[in-house]
Amino acid sequence: SLRSGENNLSREAQEASNAALLVRHIDSELSRAKRLTTTVAVLACTIERWPEAAASLGRLEGERVLRSVIPMLRECCRDYDYIGRIRENEFVIVMPGLSLQMVRARAARLMQISIQAGAQTLNVLAAEGLFPEDGAEAETLLSAADRRLFELRFRRQSAAGTASRPVTGWVQ
């Protein structure tokens, strides 16, 4: 329907706006990290098995579940970490000043989050990109985190016997 098409365009515009804000924030943190010779981590997060759950929930309940995820993510963050939602079920957390070991510990903590979506319990998957190790640009860090997230998702699907090569890549 026309209304459905308008909602999709509105969602796409919002996702593009969120991604632009996220990149600006990462760029700002990268500038600070270069001045102070410290690190910036980006954690790409997604909700495992979301498409199947969303199909059974419906649009409004699905959106309510997705909005409930942000406070859960926030519990794993410091007050000054930045959380951005870049796609329906994809989030990025910007965490300045953490070592690789600390970033991976945060990712492990995020992956302990359980989300109740109707009759299903879903989990968060998280993977990192770290400045300076993975690059010095926002897009490079996001790509590194996204690539690791893709690999993690594929390994978990392979272990469960449901592997297929999902489409990956973050929205600019």
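The rules behind the values
Residues numbered from 1 in each chain as written. Predicted model: local features only at pLDDT ≥ 70, side-chain atom pairs only at ≥ 80, totals over all residues. Heavy atoms only, no water. Helix = DSSP H or I, 4+ residues; strand = E, 2+ residues; numbered from the N terminus. Buried < 20%, exposed > 50% of the residue type's maximum accessible area, 1.4 Å probe, protein only. Contact = heavy atoms within 4.5 Å. Areas by Shrake-Rupley, 256 points an atom, 1.4 Å probe, with all protein chains shown as cover. Core = buried A, V, L, I, M, F, W, Y, C linked by side-chain atoms within 4.5 Å. Pairing = 2+ DSSP bridges. Axes fitted to C-alpha atoms, helices over the stretch in contact; angles between N-to-C directions. pLDDT = per-residue confidence, 0-100. Polar contact = N/O pair within 3.5 Å; in protein donor to acceptor, adjacent residues only side chain to side chain. Salt bridge = Lys/Arg side-chain N within 4 Å of Asp/Glu carboxyl O. Expected span 1.5 Å × (residues − 1).

Visitor: I would appreciate a short explanation of the overall build of the chain in the present structure.
Guide: Along the backbone of the chain there are 5 helices and 5 strands. Helices (α) and strands (β) of the chain occur, in sequence order from the N terminus, as α-β-α-α-β-β-α-β-β-α. Buried positions account for 44% of the 172 residues belonging to the chain. Of the contacts made within the chain by residues no fewer than 6 positions apart, 63% connect residues no fewer than 24 positions apart. Summed over all atoms, the accessible surface of the chain reaches about 9,200 Å², with 52% contributed by carbon and sulfur.

Visitor: Can you help me understand the nonpolar core in this one?
Guide: The tendency in soluble globular proteins is for nonpolar side chains to be buried side by side. If you look at the biggest cluster of nonpolar residues, it comprises 29 residues, and the most contacted ones within it are W50, L73, I93 and L110. Contributing elements (two or more residues each) for this core: β1 (40-47), α2 (50-57), α3 (59-74), β3 (90-96), α4 (100-110), β4 (114-117) and β5 (120-131). Those residues in contact with L73 that sit more than four places away from it in its chain are I83, F91, I93, L110, I113 and V124. Counting residues in each nonpolar core, the second largest holds 20 residues, with L30, V42, L125 and L149 among its members.

Visitor: Honestly, the sheet that holds β4 in this entry has me stumped. Any pointers?
Guide: Two pairing modes exist for strands in a sheet, parallel and antiparallel, and in both the strands are linked by backbone hydrogen bonds. Here 5 strands make up an open sheet; going across it, the order is β2-β3-β1-β5-β4 and the pairing antiparallel. The open sheet is flanked by β2 (82-87) and β4, the only strands paired with a single partner. Each adjacent strand pair in this sheet contributes to an overall mean axis angle of 30°, direction not counted.

Visitor: Hey, could you run me through the confidence of the model for the chain in this one?
Guide: One rule of thumb: low pLDDT means the predicted coordinates there are not for detailed reading. Of the residues in the chain, 84% have a pLDDT of 70 or more, and the chain-wide mean is 87. Between the elements of the chain, mean pLDDT differs from a low of 78, seen in helix α1 (residues 2-36), to a high of 97, seen in β1. In the predicted structure, residues 166-172 sits below a pLDDT of 50 and forms 20 contacts with residues beyond four places in sequence or in another chain.

Visitor: It is not clear to me how the pairing of β4 should be interpreted in this structure. Could you clarify?
Guide: Within a regular strand, side chains alternate between the sheet's two faces. The two faces of β4 differ: I115 and A117 on one face are buried, but S114 and Q116 on the other face are not. The turn linking β4 back onto β5 is made up of 2 residues, and G118 within it adopts a positive phi angle of 65°.

Visitor: What exactly am I supposed to notice about the environment of E61 here?
Guide: With respect to the element layout, E61 can be found in helix α3. Separated by 2.6 Å, the side chains of E61 and R64 make a polar contact.

Visitor: Is there a simple way to explain the pattern of salt bridges in this structure?
Guide: Side-chain pairing between opposite charges can occur once the charged atoms of the two side chains come close. Applying the stated rule across the entire model yields 10 salt bridges. A salt bridge links R32 to E29; its shortest N-O distance comes to 3.2 Å. Placement of both R32 and E29 in helix α1 is noted, with a separation of 3 residues, approximately one turn of the helix. Residue classification places R32 among the partly exposed residues on the basis of a relative accessible area of 35%. By relative accessible area, E29 is classed as buried at 6%.

Visitor: Before we go on, may I ask you to explain helix α5 (residues 138-160) in this structure?
Guide: Residue pairs spaced three or four apart in an α-helix point in one direction, given the helix's 3.6 residues per turn. Between the first and last C-alpha of α5 there are 33 Å, a value that for 23 residues agrees with the 33 Å anticipated at 1.5 Å per step. When α5 is considered as a whole, its buried residues turn out to be A138, L141, L142, A144, A145, D146, L149, F150, L152, R153 and Q157. Just downstream of α5 lies G161, where phi reads positive at about 80°.

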